[in-house]
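Fold and geometry: a report
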Amino acid sequence: NILCSDRGFNGVVLKLKGTFTRITEEKGIYTCGSGVMLRTLLASAGAQGHGGAEFLAGIPGTIGGAVYCNAGAFGHAIGDITDRVTLLTRQGEIKDIQGKRIPFRYRRSGLPRSVIVLSAVLQFQKKSVRKIRQQLRDIEKYRRERQPQGFSAGSYFKNPRPRAAGKLIDDCGMKGMCVGEAVVSTRHANWIINRGQATARDVIALASLIKRTVRRHTGVVLQEEVRRLK
């Protein structure tokens, strides 16, 4: 859920590998490096009969990113199963924070923007391997059938509960609307797709147009789920 400026990013981008891609498990408690892919964790836990995180199926990303933005779906979020998080502060200190002390909210964790998530401890439940695998398949199929394919920054706006951002955008007749090479998906209106050579400026301009249109027609002010890097 990141959109980088066409002019680049005034900062450093780190890809956490090696130690940060390790997973350890004890009695359904999983300690995961922040570089672990969600699909890797779900497959590993499911094979051992540990479930409760199937709602994360099909979400492309890492544990670190998922915890930082409190990724979720179908009324659940990773914050619900987070027992503890290890962080690196801007001052170079390593801190452990209990999950219950993190102010998880819809699509945000409340963690400072300056921290780096190093690892997370997640609590799983004992479940049937067969049932877990079926749920993972069902959710992944659901996503494939309803979410657009191709290049995008993912779901663009937060859902203004209890309403859905995609439904509001669709009701405003904006499916297929484009700015430059950025276009509102005709499959799911809350996705802005790059249909060729879209720039970040195209995407931002289209997102602004969507927000103005939805506000004018419905009174709802949409908030971006995608974070801009500039």
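Look up a bit, the structure's there.
All values derive from a computational prediction rather than experimental measurement. (Residues numbered from 1 in each chain as written. Predicted model: local features only at pLDDT ≥ 70, side-chain atom pairs only at ≥ 80, totals over all residues. Heavy atoms only, no water.)

**Comments concerning the pairing of strand S9 (residues 116-123)**
Short version of the rule: Partly exposed describes any residue whose relative accessible area lies between the buried limit of under 20% and the exposed limit of over 50%, with all areas from a 1.4 Å probe on protein chains only and scaled to the type maximum. Going along the chain from the N terminus, every DSSP run of H or I of four or more residues is numbered as a helix, and every run of E of two or more is numbered as a strand. We treat two strands as partners when DSSP finds at least two bridges between them.
With six of eight residues buried, S9 lies mostly within the body of the structure. Relative to S9, strand S3 (residues 29-33) is paired through five bridges, and the arrangement is antiparallel. Looking across to S9, one finds that Thr31 is bridged to Val121. Examined bridge by bridge, strand S7 (residues 82-88) and S9 share six bridges and lie antiparallel to one another. Residue pairing in the sheet places Val85 in a bridge with Ala120 of S9.

**Brief notes about the side chain of Arg143**
The line we're drawing: Counted charges follow a simple rule, with Lys and Arg positive, Asp and Glu negative, and His plus the chain ends left uncounted. By convention in these notes, a salt bridge is any Lys or Arg side-chain nitrogen within 4 Å of a carboxyl oxygen on Asp or Glu. Throughout this description, a polar contact denotes any pair of N or O atoms lying within 3.5 Å of each other; where both atoms belong to protein, one of them has to be capable of donating a hydrogen while the other can accept it, and for residues adjacent in sequence the pair is counted only when both atoms sit in side chains. In what follows, a contact means two residues having at least one pair of non-hydrogen atoms within 4.5 Å.
Among the structural elements, Arg143 can be located in helix H3 (residues 129-146). Although Arg143 lies buried, it forms no salt bridge, and the closest oppositely charged side chain, Glu140, sits 8.0 Å away as judged by the N-O distance. In this structure the side chain of Arg143 is engaged in a polar contact, spanning 2.7 Å, whose partner is the backbone oxygen of Ala57. Contacts of Arg143, omitting those with residues within four sequence positions, involve Phe55, Ala57, Gly58, Ile59, Ala73 and Phe74.

**Things to note about the environment of Gly110**
Within the secondary structure, Gly110 is located in the loop between strand S8 (94-98) and S9. Its relative accessible area of 41% is what places Gly110 among the partly exposed residues. Between the alpha carbons of Gly110 and Asn70 there is a distance of 9.0 Å; along the sequence they are 40 residues apart.

**So, the nonpolar core**
Within soluble globular proteins, side chains that are nonpolar tend to cluster in buried spots. Selection criterion: Think of a nonpolar core as a cluster: buried Ala, Val, Leu, Ile, Met, Phe, Trp, Tyr and Cys residues, connected wherever their side-chain atoms sit within 4.5 Å.
Judged by nonpolar contacts, the single largest core of 30 residues is most densely connected at Leu41, Ile63, Val67 and Leu122. Those elements giving two or more residues to this core turn out to be S3, helix H1 (38-47), helix H2 (63-68), S7, S9 and H3. With four residues, H1 is the single largest residue contributor to this core. Not counting residues within four places of it along the chain, the set of residues in contact with Ile63 comprises Cys32, Gly33, Ser34, Val36, Leu38, Leu41, Ala120 and Leu122. Membership of the second largest hydrophobic core comes to 22 residues, among which are Leu3, Tyr156, Ala165 and Ala189.

**Quick notes on the sheet that holds S3**
Selection criterion: Axes, fitted as lines to C-alpha atoms, cover a helix only where it is in contact. Angles between the N-to-C directions of the axes lie from 0 to 180 degrees.
If you walk across this open sheet you meet the five strands as S2-S3-S9-S7-S8, and the pairing is antiparallel. Each edge of the sheet is formed by a strand with only one pairing partner; in this case those strands are strand S2 (23-26) and S8. On average, each strand axis in the sheet is tilted by 15° relative to the strand beside it, whichever way the strands run. Here H1 sits on the sheet in contact with S2, S3 and S9, set at roughly 155° to S3.

Such coordinate-based values are descriptive only and should not be taken to indicate function.
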